[in-house]
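# Report on the structure
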Amino acid sequence: VPAEHRKFQGYYKIARHYRWALGQVFRTFGYGAAIVVEDDLEVAPDFFEYFEAALPLLRADRTLWCVSAWNDNGREHLVDAGQAELLYRTDFFPGLGWLLLAELWDELEPKWPRAFWDDWMRQPEQRRGRSCVRPEVSRTVTFGRKGVSHGQFFDQYLKFIKLNDRFVPFTRLDLSYLKKDEYERSFLPRVYSAPEVKVEELQSDRRRDSGAVRLQYRGRDAFKAFAKALGLMDDLKSGVPRAGYRGIVSVVYRGRRVYLAPPQDWTGYDPTWS
């Protein structure tokens, strides 16, 4: 560990352990897929059902590189608990209970970092334009306030994440809507046909109807301001917002669906946004 990183040595130990453990799973035992779970996670009753159903999708769609149990904006008042079966594509690597294939490990292992592996995964060089699947309602929660990050985010966000408590029979559901072409055919029109509103209208609740609406941002500062106003995590990693897909973050605000979205002519993430 470099001297200036001594205080981060926990992150070095974690990265080293991941390399060893995933090497065991894929090299020594020869498994084709693995679910990575930290030791400070509690899992939902349908945790394994979810991953079992998503595995064929991960194998079939090369534009996906992981399936995650975690919604970064999954606090109770920001999700629709009545839609526990709802899944999304996201360009943000969520981690915190995630599934990967052996082929991905073949790709990552030779260049695996010495520390801060999760943010490394979020860099364009590793992500390579691929997405993960993530749920509306998280299938994991963390109770690890004393982890290596020393409670960073824990008191503000993580301890309020809603853990799904109702079993969804995912293996009996059709998840083909998550394949890239189908997803963009249905999700993008849904987002961009939602009426655009101002954040003040949302906050004052002047709109009487309860349908989905869109809050449009141009630029990093606008994104951050809107995210703060809605109570979302506003940090970006390599330009990608948490839980975002093509820059769009889907949340519930005061009981209504809100899409925080860039203009429809969005062309890609700006890695300088942080």
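Residues numbered from 1 in each chain as written. Predicted model: local features only at pLDDT ≥ 70, side-chain atom pairs only at ≥ 80, totals over all residues. Heavy atoms only, no water.

### Considering the state of the cysteines
- All told, the structure shown has 1 disulfide when counted by the stated rule.
- The disulfide that involves Cys-66 links it to Cys-132, with 2.2 Å between the sulfurs. In this structure the cystine formed by Cys-66 and Cys-132 twists about its S-S bond by roughly 115°; its chirality is therefore right-handed. Highlighted residues: Cys-66 in strand 3 (residues 64-68) and Cys-132 in strand 6 (residues 131-135), separated in sequence by 66 residues. Side by side, Cys-66 and Cys-132 carry an identical accessibility label, which is buried. (Disulfide = S-S within 2.5 Å. Helix = DSSP H or I, 4+ residues; strand = E, 2+ residues; numbered from the N terminus. Buried < 20%, exposed > 50% of the residue type's maximum accessible area, 1.4 Å probe, protein only.)

### Let's talk about the nonpolar core
- With 31 residues, the main nonpolar core has Tyr-50, Val-67, Val-133, Phe-187 and Ile-248 as its most contacted residues.
- Where this core is concerned, the elements lending two or more residues are helix 2 (47-60), strand 3, strand 4 (87-90), strand 5 (98-101), helix 6 (180-193) and strand 12 (256-261).
- Broken down by element, this core gets its largest block of residues, 7 residues, from helix 2.
- Each of two domains, domain 1 (1-161 + 177-186) and domain 2 (193-273), supplies a minimum of three residues to this core.
- Of all hydrophobic cores here, the second largest spans 20 residues; its members include Leu-22, Ala-34, Phe-93 and Trp-120. (Core = buried A, V, L, I, M, F, W, Y, C linked by side-chain atoms within 4.5 Å. Domains from an automatic or database assignment.)

### Considerations on the sheet that holds strand 4
- Strand order across the open sheet formed by 5 strands is 1-5-3-6-4, with mixed pairing between neighbours. The sheet is open, and its two borders are formed by strand 1 (33-36) and strand 4, each paired with just one other strand. In this sheet, neighbouring strand axes are inclined to one another by 25° on average, regardless of whether the strands run parallel or antiparallel.
- Where strand 1 lies against strand 5, 4 bridges are found, and the strand directions are antiparallel. (Pairing = 2+ DSSP bridges. Axes fitted to C-alpha atoms, helices over the stretch in contact; angles between N-to-C directions.)

These figures come from the coordinates and say nothing about function on their own.
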